[in-house]
Amino acid sequence: MTSDGRRPASCSGGAGSVSGRSPQGAERTTAALSGPGHRSAPEETPRRAPGPTEATATAPAPAEARPGQGPLEGLRVLDLATLFAGPLAATLLGDFGAEVVKVEHPGRPDPSRGHGPAKDGIGLWWKLLGRNKRTMTLDLSTPGGRDTLLRLAATADVVIENFRPGTLEKWGLGWPELSAANPRLVLARVTAFGQYGPYAHRPGFGTLAEAMSGFASITGEPEGPPTLPPFGLADSIAALTCAYAVMTALAGRDRTGHGQVVDLAIVEPILTVLGPHPLWYDQLGYVQPRTGNRSANNAPRNTYRSADGRWLAVSASAQSIAERVVRLVGRPELIAEPWFATGAGRARHADVLDDAVGGWIARHKAEEVVAAFEDAEAAVAQVYDVRDVMADPQFAALDTVTEVEDPELGPLRMQNILFRLSETPGGIRWAGRPHGADTDEVLTELGLTGSEITALRTEGAL
């Protein structure tokens, strides 16, 4: 690593890097996929993989371990969606080898290209969200765009869209038309409230799901307002769910021989991850209140400030951990209290426990706290910002934040793929590409002639 914690770049030129993930976090290398059985893709530049399983520049990793040939190799996905759940679901599929074609409007690119900070006029969020995707333009509302999309759908396994219900139907691209073009197609429809019901046609974003699911109502300090997350939480949970739903639908296709529609409402997955709130209310009439960083189910559970001004999070969900914590902070007598024997009892006495734990942490530096908790086999973690994430040795060992070579911006560091597979690890083949960069190539592969592509441009379909 360099002095600033960055992994040294070891690739030169090319359009992208790859970083597969083995159980030890070792990265695999590969050349660009080519030859029979592979659709062409932006050129990939292998980069040096650290660790004992390091591959040489002249000897690519075994085929089963190449990131470009992950377990979803051969799966073709058309990403018609924008902001953020649908596109992220497509990214997750592309990370494990699916060929993803991002279809954007010629004049209105995916707004994620302009979200958040940019460098040299290039949106950085898109570099993450658009990775492992080829990009093309197509106006689906035009006759030529409609016909071309149906031809693309005939070659695909999955279409992901997030238009308001009825929009695809208005363009003559509803499920009857798509399934007629390809009976084995899976159509994933991601909307705020689903395809039917009184709210189906309302515009909606993840923020509304965070509010309506009950998440915001339990987040924040007891006397404060409901609190929304400062990032796309509901969208991200929906993206994970969508990727799972697509794979479930494809497994069903393997059994039945035909595709189906996935109807995913962004408001539902976040409600699921909130846990048994509906069950509690149904059976007990219980409505969980806002408790700040505390938990109604166990204590100590809070954030505490150290002598050197760092914040640390402590959790004692297990009885044995709670006992270790109070012994560590010099209050072992609390264990004998009748209320200490249950998580709910400890939660009712959170003031006592916070005073004990917080007072002890306030007298020690953060590194001393972490070391002492580790020795005591108790659970603690410093509250990180992104600078800490980038420098943390555990994240480095897992290659959680990896480096990708980008032809527009050079080396980029971004989150790696979500998990490690021992035999077919997948990987990042390239970062998000320019708007419409692969339009002609994709259409040529589809069998369109140069004159047909020109005609589509003249029509305004591209």
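The following refers to the structure shown. (Residues numbered from 1 in each chain as written. Predicted model: local features only at pLDDT ≥ 70, side-chain atom pairs only at ≥ 80, totals over all residues. Heavy atoms only, no water.)

Here we look at the overall build of the protein
Step number 1: When its secondary structure is counted, the protein shows 17 helices and 13 strands.
Step number 2: Classification of the 462 residues of the protein by burial places 47% in the buried group.
Step number 3: Of the contacts formed within the protein by residues at least 6 apart in sequence, a portion of 71% connects residues at least 24 apart.
Step number 4: Accessible surface for the protein amounts to roughly 21,600 Å². Of this, 56% is attributable to carbon and sulfur atoms. (Helix = DSSP H or I, 4+ residues; strand = E, 2+ residues; numbered from the N terminus. Buried < 20%, exposed > 50% of the residue type's maximum accessible area, 1.4 Å probe, protein only. Contact = heavy atoms within 4.5 Å. Areas by Shrake-Rupley, 256 points an atom, 1.4 Å probe, with all protein chains shown as cover.)

Re the packing of helix H1 (residues 85–95) against helix H7 (residues 233–256)
Step number 1: One can describe the packing of H1 onto H7 by two numbers: an axis separation of 8 Å at closest approach and a directional angle of 50°. As the angle between them shows, H1 and H7 are arranged oblique. In this structure, the crossing between H1 and H7 has a hand that is right-handed. Residue-level inspection shows Ala85, Leu88, Ala89, Leu92 and Leu93 of H1 in contact with H7, the latter providing Asp235, Ser236, Ala238, Ala239, Leu240, Cys242, Ala243, Val246 and Met247.
Step number 2: A class-by-class count of the residues in the contact of H1 with H7 yields twelve nonpolar, one polar and one charged. (Axes fitted to C-alpha atoms, helices over the stretch in contact; angles between N-to-C directions. Parallel < 35°, antiparallel > 145°, perpendicular 65-115°, else oblique. Left-handed = near helix turned anticlockwise from the far one by under 90°. Nonpolar A, V, L, I, M, F, W, Y, C, P; charged D, E, K, R; others polar.)

Observations concerning the layout of surface pockets
Step number 1: Reported here for the largest pocket is a volume of approximately 1,300 Å³.
Step number 2: Every residue lining the largest pocket is counted, 37 residues in all, and those nearest its centre are Trp125, Leu128, Arg413, Met414 and Gln415.
Step number 3: In terms of residue class, the lining of the largest pocket is built from 21 nonpolar, eight polar and eight charged.
Step number 4: In this structure, the second largest pocket encloses a volume near 720 Å³.
Step number 5: Secondary-structure elements contributing two or more residues to the lining of the second largest pocket are H1, strand E2 (99–104) and strand E7 (186–191). (1 Å grid on protein atoms, 1.4 Å probe; cavity = no way out; pocket = protein on both sides within 12 Å on 5 of 7 lines; lining within 4 Å. Points joined across faces, edges and corners; volume = space filled by probe spheres on them.)

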